[in-house]
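Structural description and commentary
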Amino acid sequence: MVSQRERSERTIAAILGAGRSLMTEAGYAGVTVDDVTARAGVAKGAFYHHFSSKRALLDAVVDQLQGEIADELRADRAPDPLSSDDLAAALEGYLKRAADPARRRLVLVEGPEVLGWERWREIDDAHFAGMTRAALEAILPVGTDPERVAAATRLMLGAVMEAALALGRAPEPDRAAPRYGEVLRDLLSGLASRAS
């Protein structure tokens, strides 16, 4: 017998899957809650039981997509000791994954536009701030002041976010991502070699 919790999890997964595929195909504005419920095979009441609005669904989808990217980056992590080149490659990997056609529209264009910069940044931070800080701690000289590490983390996250947003609008993101990777490699190399 299927428990209420399992039914709820299945319903949420169906709604998320339907919302994700529909919004990827038609964009946020091109999708209605009725479209989502029809694709998911659930009643409208079930949708509103789990999501307060279509915007709340987009929030959950962007969070899911960013979580998938973070998991992929963790799986690809270079063995210790981490170098500045390894971190630059991981950051470029994020850019390439986020710019993938299956993710680009929702993660890099409509997520920031619909959810707003602050909420989009919160989602990004939840998945990548800790990972980025740990990687910077690994490549910075031993004994680097924690405030400097925190500042480097914010600056690196900001640089990657800006590059990601630019890729979201780039006509050829596959060609642009490696250029950002090269510059990130140069920045991180200088940061890692500078004494604290």
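Parameters at a glance
- Residues numbered from 1 in each chain as written.
- Predicted model: local features only at pLDDT ≥ 70, side-chain atom pairs only at ≥ 80, totals over all residues.
- Heavy atoms only, no water.
- Phe/Tyr/Trp six-rings, centres within 6.5 Å; stacked < 30°, edge-to-face > 60°.
- Buried < 20%, exposed > 50% of the residue type's maximum accessible area, 1.4 Å probe, protein only.
- Lys NZ or Arg CZ within 6 Å of the ring centre and 35° of its normal.
- Core = buried A, V, L, I, M, F, W, Y, C linked by side-chain atoms within 4.5 Å.
- Helix = DSSP H or I, 4+ residues; strand = E, 2+ residues; numbered from the N terminus.
- Contact = heavy atoms within 4.5 Å.

Taking an unreviewed UniProt entry as the reference, the protein chain is identified by name as TetR/AcrR family transcriptional regulator belonging to Pseudonocardia humida.

Attention now goes to the packing of aromatic side chains. Counting across every chain of the model gives 4 aromatic pairs. Look at Phe 47 and Phe 51: their rings are 5.7 Å apart centre to centre, the planes differ by 35 degrees, and that puts the pair in the tilted class. In this structure, Phe 47 and Phe 51 share a single accessibility class: buried. Positioned above the aromatic ring of Tyr 28 is the side chain of Lys 54, whose terminal nitrogen or guanidinium carbon lies 4.1 Å from the ring centre.

The next thing to look at is the nonpolar core. Counting 55 residues, the largest nonpolar core has Leu 57, Tyr 94, Leu 95 and Leu 108 as the members making the most contacts within it. Only α1 (4-26), α2 (33-40), α4 (54-76), α5 (84-98), α6 (104-115), α7 (117-139), α8 (146-169) and α9 (173-193) provide two or more residues apiece to this core. At 9 residues, α8 tops the list of elements feeding residues into this core. Beyond its immediate chain neighbours, meaning those up to four positions away, Tyr 94 contacts Gln 66, Ile 69, Leu 73, Val 107, Leu 108, Asp 124, Phe 128, Val 160 and Ala 164.

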